[in-house]
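If you want the building blocks of each chain, they are given just below.
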Amino acid sequence: MNIVVPIKQVPETSNVKMDPEKGTMIRDGVESVINPLDLYAIEAALRLKEEHGGTVTAMTMGPPPAELAVRQAIAMGCEAGILVSDRKFGGSDTWATSYTLAQAIRKVGEVDLIITGERATDGDTAQVGPGIAAWLDLPLATYIAHITGVTTERITVERLVEEGYQLLDVPFPCVITVVKEIASPRLPTLAGKKRSKTQDIPLYNADNMELDPASLGLKGSPTKVVKIATPKVARGGKVVSAAGETGVMHAVDELMKFLDEKELV
Amino acid sequence: MSFVWTIAEQYEGQLRGVSFELLSRGRALADELGTKLASVVIGDGVDEKALEELIHRGADEVYSIQDPRLKDFVCETYSRILTDLVETYQPAIILAAATSSGRTLMPYVAIKVNTGLTADCTELAIEEGTGNLLQTRPAIGGNIMATIKTPDHRPQMSTVRPKSSRPLPRDTSRTGKIVEVPVEDRYIDDRVHVLGYRRDEEEFANIEEADFVVAGGKGMKKADNFVMLKKMADHFGGEVGASRDAVDRGWIAYPHQIGLSGKTISPRLYIGAGVSGSIQHLAGIKTSETIVAINSDPDAPILKVADFGIVGDLFQVVPELQRRLDEKNTEAT
Ligand SMILES: Cc1cc2nc3c(=O)[nH]c(=O)nc-3n(C[C@H](O)[C@H](O)[C@H](O)COP(=O)(O)OP(=O)(O)OC[C@H]3O[C@@H](n4cnc5c(N)ncnc54)[C@H](O)[C@@H]3O)c2cc1C
Ligand SMILES: Nc1ncnc2c1ncn2[C@@H]1O[C@H](COP(=O)(O)O)[C@@H](O)[C@H]1O
């Protein structure tokens, strides 16, 4: 089974800065990591490979330093990595990103399964996985929490939905997006780390891929960011202490009053 | 003038509440643009009365596409239908719910009809002069609010989180048109088979659509202690939520997890007990209407985002709060 896992390199969630003019992220000086939710996709792919054979290819689209994300994925056990990178891809929205990644997957050739993370922690859209499926016209199963069976032709999965789990039987090739429940990501191994340092990472760019130039990057993106604002997070709410003998009673009194005013009780 | 559309959702023939929430958003936009509002229902067994309810709650027209083969959400099939409808009627705007199906269908269709999509919008407005839809959404774990537009492509598509708007009051004097759209065989994509559903009552919670969520974190100390949160959640008719720490310790199942690697919720009331308020957890609760926190540490970050915080031992505060709620209940009856 040949599996491709598109992974995104994102800034560590705790410290993110924005360019107020362009509405894009300032990446300088911020540590970059593999999107934490993509680690679940990598783990799911590695387990399938271990059980059923095949290869796992990690693919990332981003500026050249994103190559590190691919190397980190190789250190976890992926056989191969691909960097999809070109200045022309800069500023892509989810439409243009999923188009470019879909074309990169076509270039890889025979692929049975594409596993993406649920969403990236920076863009936070959860649109790229479904977008890739739509571009490639492949069946799509999102929010997968469990893989319950695999044959040469099909895969059965449990999809986390509002009512519980929807049980689906999906033919290969297909796209699935996974949630945290699927598996706990492993740590890189020593051998993997060693291999990741020397492994050749092919570069896919606008020159060696088949692409419609009008569908790339900022220009090719249907959506435009017009404004970025930083919301006030602190609500300046009331804080009461429950200390002392009557503290708990008093604090709960105040809380009941508050809930009453808000018509919540 | 092209219409504004909403995508109504159904499960087993019943319209979901979020279908009506979308109509209140859509109504405001349609009025501002001076156009009509239509709601699209894809499914099976949604009766005339339910379709009329969409009109009473704000729709001018309803497109109903129903067939036993459409009973379950299957992305490829629903996408073929919606793509066909969009190409036929060319709406200006489509709003759908940011639910498991909305968040699957909309990005698939956006590619098929060659347009942009903005996820999880919290605010929707019309830009003066151009009439473009201004879509505002939180990004980067709620650290920023980005306003996005789709100037040159139509339709403009957005998903909106459940519970982030209230339905309009029912107005039975409203009238409108119900259009039955015939189902064509070419719509049915049978590559994916739905085998059924699994729902484990113990494990499962639909926290995204709950009005009240009582959440516990590592401060709850053990699984058994979640019983008192369940009791309080039941009192409110809500659900129990949890931090990742509580889930990873096996105290409660993953569908209850709130936050970056769990669910984002916007309930009327969130109560967090023994939850510190890490940025990953806060990412999931920032859009709650009211946040109440109970924590023994006066420096816990959750107290900064709370509308009401109690610094104290949750094992004293929660039972006392429960006692007072029960008392209030007996008074009322
Ligand atoms: C990539 C990534 C994704 C993540 N995703 C999520 C996510 O989706 N959701 C999530 O929640 N976390 C997530 N986390 C984890 C997050 O960083 C925190 O570790 C987690 O939220 C902490 O959970 P907690 O508040 O229960 O525990 P703690 O931070 O340990 O807090 C426990 C709190 O309980 C209080 N307490 C203890 N005893 C009592 C008592 N008797 N009475 C009152 N208060 C008491 C303490 O003062 C403390 O504030 C993620 C982390 C990463 C790196
Ligand atoms: N630039 C990218 N390169 C590779 N994969 C990506 C990229 N952006 C998004 N993805 C994949 O798509 C998923 C959803 O991302 P998003 O739609 O940005 O929330 C991620 O979890 C990744 O698996």
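The residue count restarts for each chain, going from 1 along the sequence in the order it is written. Written order decides the labels, with chains lettered from A and ligands numbered from 1. Local features in a predicted model are, by the rule used here, given only for residues with pLDDT of at least 70; side-chain atom pairs are given and counted only at 80 or more, and totals for whole chains, interfaces and linings are based on all residues. Excluded from the side-chain calculation are hydrogens and water; included are all heavy atoms of the structure.

Student: I would appreciate a short explanation of the pairing of strand β6 (residues 93-97) of chain B in the present structure.
Tutor: Regular strands have side chains that alternate between both faces of the sheet. Residue and element names in this part refer to chain B. For every residue, the accessible area (1.4 Å probe, protein chains only) is compared with the maximum for its type, and the residue is labelled buried under 20%, exposed over 50%, or partly exposed between those bounds. A run of H or I in DSSP counts as a helix once it spans at least four residues, and a run of E counts as a strand once it spans at least two, with each numbered from the N terminus. Of all five residues in β6, five are buried; the element is thus mostly enclosed. In β6, alternate side chains face the same way, and those of Ile93, Leu95 and Ala97 on one face and Ile94 and Ala96 on the other are all buried. Strands are labelled as partners when DSSP assigns at least two bridges between them. Of the pairings in the sheet, the one linking strand β1 (residues 4-8) to β6 comprises three bridges and is parallel in character. Residue pairing for β6: threonine 6 is matched across the bridge by leucine 95. Direction of pairing for β6 relative to strand β11 (residues 156-160): parallel, over a ladder of five bridges. In the sheet register, alanine 96 faces β11, and the bridge partner there is threonine 159.

Student: Explanation requested: the sheet that holds strand β8 (residues 113-117) of chain A in the structure shown.
Tutor: In any sheet, the strands associate via hydrogen bonds between backbone groups, in a parallel or an antiparallel arrangement. Strand order in the open sheet formed by ten strands is β13(A)-β7(A)-β6(A)-β1(A)-β8(A)-β12(A)-β9(A)-β10(A)-β11(A)-β13(B), and the pairing between neighbours is mixed. In the strand order of this sheet, the two ends are held by β13 (203-204) of chain A together with β13 (193-198) of chain B, each with one partner. Across two bridges, strand β7 (residues 80-84) of chain A lies against β13(A) in parallel orientation. Bridge pairing in β13(A) links Val84(A) to Tyr204(A). Residue contacts are counted whenever heavy atoms from the two residues lie within 4.5 Å of one another. Between N-to-C directions, angles cover 0 to 180 degrees, with each direction set by a line fitted to C-alpha atoms, over the stretch in contact for helices. Each of β1 (2-6), β6 (55-61), β7, β8 and β13 of chain A touches helix α3 (residues 94-108) of chain A; the most contacted strand, β6(A), lies at about 145° to it.

Student: Help me out: how do you make sense of the site of ligand 1 in this one?
Tutor: If even one non-hydrogen atom of a residue comes within 4 Å of a molecule or strand, that residue is called near it. Near ligand 1 lie 27 residues; those nearest to it are Lys218(B), Ser243(B), Ile258(B), Ser276(B) and Asn295(B). Surrounding ligand 1 is a set of residues that belongs to chains A and B. Relative to its unbound accessible surface of 980 Å², ligand 1 loses 80% to contact with the protein. Those elements that provide at least two residues to the shell around ligand 1 are α6 (244-248), α7 (279-285) and α9 (314-332) of chain B. A class-by-class count of the residues in the shell around ligand 1 yields six nonpolar, 15 polar and six charged. What sets the accessible areas is the Shrake-Rupley method with a 1.4 Å probe; for residues, cover comes only from the shown protein chains. The residue classification treats Ala, Val, Leu, Ile, Met, Phe, Trp, Tyr, Cys and Pro as nonpolar and Asp, Glu, Lys and Arg as charged. All others, Gly included, are polar.

Student: I'm lost on the site of ligand 2 in this one. Help?
Tutor: Residues and elements named next belong to chain A. Near ligand 2 there are 18 residues, and of these Pro6, Asp38, Ala120, Thr125 and Ala126 occur at the shortest range. Under the rule applied, a polar contact is a pair of N or O atoms within 3.5 Å (in protein, one hydrogen donor and one hydrogen acceptor; residues adjacent in sequence only if both atoms are side-chain atoms). In this structure, aspartate 38 approaches ligand 2 through a side-chain N or O atom, which is 2.4 Å from an oxygen atom. Coverage of ligand 2 by the protein amounts to 97% of the 480 Å² it exposes when considered alone. For the shell around ligand 2, the elements supplying multiple residues, two or more each, are β6, β8 and α4 (128-136). Split into classes, the residues belonging to the shell around ligand 2 amount to eight nonpolar, seven polar and three charged.

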